[in-house]
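# Observations on chain architecture
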Amino acid sequence: MLFISCEEQEEDVTGITRSEITESDFLQFDQKNALIEILTNSTEETAWKITNALSGSINLTENFVDTRLRFTLLDNELLQIRVQETAQGLFNTGGSSDIVKDNINDDLRFPFVVNQTNAQTEKFSSINTATVSLGYRVLKTITANKITLLSANGNGEKLMVVFEKIQVITTPPLPPESDFLQISEQQNFMDALATNSLQDPWKITSANFGTNDLSQDFEQDIFVFETLNEGAQRTEIYDSSSFVNNPFTPATTGTNEFFKDENNNDLRFQMFIVNTQQQNKFQSINNFGNTGYKILKDASSTKFTIIGFNENGDQEATIIFQKQATLANDFVFINQLNLISDILMSNPNTPWKIIAFTSGNEDRSADFNFSEINFTSGQSEEFLTMQIFEPEDEQNQTQSLSTNGELRFSKDTDGLNLRISINVFGSASNGLQKYMQIENNNQLGYLAESSFTENNLTLVLTDPNGTDVKLVLGR
């Protein structure tokens, strides 16, 4: 009877009498290290999950569906409990526990306590042990992947918690999607910018700096970008006045530098334009260039928007670039000047001939049947020197130098087409008057058709009288 009464005294502690479970069914205190080893033997790919939680007749398992647990042995031999509340969340410190020996026998006691610091951890109040001495007993059916804890709740009812080891997804949460191009898109963006020329340049269609709309200041400017290396570009900027005064040199130049934002993966676009007194409007762009613009992610091969920020990170500048519509390619453009010049000066031993010349309905090609022309470099790249050869007399067709002339290149006043003007020296002299009909030194020059070859160049214009003139050079 004494034995029975002693056993019955433990019922209010565990909720389970010794008549139901024998002493050998629980881990003993001398098995403490084995339990700690199992609890702490987890990796970044594994964690413990509460797969069953009962308090009397109440099933609490649903409260812990998303909960994951990890245990770490601290230097003071306490078990630290870390808790993850969402599938992609962090494992935060939840509490600590010291495995102890039962006050009455050699059973191992596992006090399980997770601190209730927020709404998510309040649920642990239903399975936390009240005191160290009332910690859970651990069934000896323990394995490396499953642990069953038994105790009693506040009403003396059976409290059971089952831990099972599971695989976890450790992929970090994706950062918020950026509104801007990322550093990985740098090369594609640079390629899009550099796919341009004077025929299809970029233009600023909108430029706002703070509350100031400066779009009109850039209406006449065109931008041509050239890639220098993997992180830098050269910028050439032309405007209408620069073409009139000097069609071969940009009004100003600049550089673009590309780099990664120091706080994230956004691509930064530093734009610096050389300033002159005549071009100080570009200082507005430079003011936001030191820290670099960001590029909206809807950038394309025909349009992109850059955003400038002040020191506080507030948006202060918005500039929209658009590709100018490709011009009709019926005629040679100004940027092909050197190509035309090289063709005309090539093969000096094979002179050029005027193989066709018409003015309106009149065909005057026969006037030049025996004429020959050589071209050599002139005083600058805008000029070529002409050497004109005519036969010595009607019977003797041997060619001799009769006069010189000048061929001058310029830009069309209404676009980017190349204009070619012809001036023959002494054309009013006997035998050279025929050249007066092809001259246009004081008029708008010929347009060169884009269908030229190394041995054929067609020049056309409409003279002041509205007459269409065509001059074909061939060899």
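Scroll up to find the structure this text is about.
Described in the following lines is the structure provided in the data block. Note that this is a predicted model, so its numbers are computed, not measured. (Residues numbered from 1 in each chain as written. Predicted model: local features only at pLDDT ≥ 70, side-chain atom pairs only at ≥ 80, totals over all residues. Heavy atoms only, no water.)

### Observations regarding the packing of aromatic side chains
Here is the rule we go by: Note on ring pairs: Phe, Tyr and Trp rings are taken, using the six-membered ring of Trp, and paired if centres are within 6.5 Å. Classes follow the plane angle, with under 30 degrees stacked, over 60 edge-to-face and the rest tilted. Throughout, exposure labels follow a simple rule: accessible area from a 1.4 Å probe, protein chains only, divided by the maximum for the residue type, with under 20% read as buried, over 50% as exposed, and the rest as partly exposed. Only lysine NZ and arginine CZ atoms are considered, and such an atom sits over a ring when it is within 6 Å of the ring centre and within 35 degrees of the ring normal.
Applying the stated criterion across every chain, the model contains 21 aromatic pairs. Judged by centre distance (6.4 Å) and plane angle (25°), the rings of Phe 223 and Phe 225 are stacked. By relative accessible area, which is 2% here, Phe 225 ends up buried. Sitting over the face of the ring of Phe 309, Lys 294 holds its NZ or CZ atom 5.8 Å from the ring centroid.

### Observations regarding helix α4 (residues 186–194)
Count 3.6 residues to each turn of an α-helix, and residues three or four apart come out pointing the same way. Put simply, the rule is: Strands are runs of DSSP state E lasting at least two residues, helices are runs of H or I lasting at least four, and both sets are numbered from the N terminus onward. To be clear, the arc concerns the directions from the helix axis to the C-beta atoms.
Among all positions of α4, only Gln 186, Phe 189, Met 190, Ala 192 and Leu 193 are buried. Down the axis of α4, the buried side of the element spans an arc of 160°, and every buried residue falls inside it.

### Topic: the pairing of strand β24 (residues 399–411)
The criterion, for reference: Whether two strands pair depends on DSSP finding at least two bridges between them.
Sheet topology note: the strand β23 (residues 383–391)/β24 ladder contains nine bridges and is antiparallel. Across the sheet, residue Ile 388 finds its bridge partner in β24, namely Thr 403. Pairing of β24 with strand β25 (residues 418–424), which is carried by seven bridges, proceeds in the antiparallel orientation. Bridge pairing links Lys 411 to Leu 418 in β25. Between the end of β24 and the start of β25, which pair antiparallel, lie six residues.

### A word on the pattern of salt bridges
Heads up, the condition is: A side-chain nitrogen of Lys or Arg and a carboxyl oxygen of Asp or Glu constitute a salt bridge if their distance falls within 4 Å.
Tallied over the full model, the rule gives 13 salt bridges. Close ionic contact of Arg 137 with Asp 107 constitutes a salt bridge, the shortest N to O distance being 2.6 Å. Of this pair, Arg 137 sits in strand β8 (residues 137–138) while Asp 107 sits in the loop between β6 (100–101) and β7 (108–109); the two residues are 30 residues apart in sequence, bridging distant segments of the chain. Given a relative accessible area of 4%, Arg 137 falls into the buried group. The exposure class of Asp 107 is buried, given its relative accessible area of 0%. A network of salt bridges, in which partner residues are shared, links Asp 102, Asp 107, Arg 109 and Arg 137.

### Things to note about the sheet that holds β24
Reading across the sheet, the nine strands line up as β21-β20-β28-β27-β26-β25-β24-β23-β22 and stay open at both edges, with antiparallel pairing between neighbours. Only two strands of the sheet have a single neighbouring strand rather than two, namely β21 (362–363) and β22 (372–377). Bridge count for strand β20 (residues 353–359) against β21 is two bridges, and the pairing is antiparallel. Counterpart to Thr 358 in the pairing with β21 is Asp 363.

### A closer look at the environment of Asp 298
Within the fold, Asp 298 resides in the loop between β17 (293–295) and β18 (303–309). Asp 298 sits in the exposed class, given a relative accessible area of 56%. Sequence-wise, Asp 298 and Leu 181 are 117 residues apart; in three dimensions their C-alpha atoms are separated by 8.2 Å.

### Considering helix α7 (residues 337–345)
To keep things clear, this is the line we draw: Pairs of residues are marked as contacts when any of their non-hydrogen atoms sit within 4.5 Å.
Among the residues of α7, Leu 337, Ile 340, Ser 341, Ile 343 and Leu 344 are the ones counted as buried. Projection of α7 onto a plane perpendicular to its axis shows the buried side chains occupying an angular sector of 165°, all on one side. Contacts from the buried residues of α7 go to β22, β23, β24, β25, β27 (456–462) and β28 (468–474). Where α7 ends, the next residue or the one after it, Asn 347, has phi of about 50°, a positive value.

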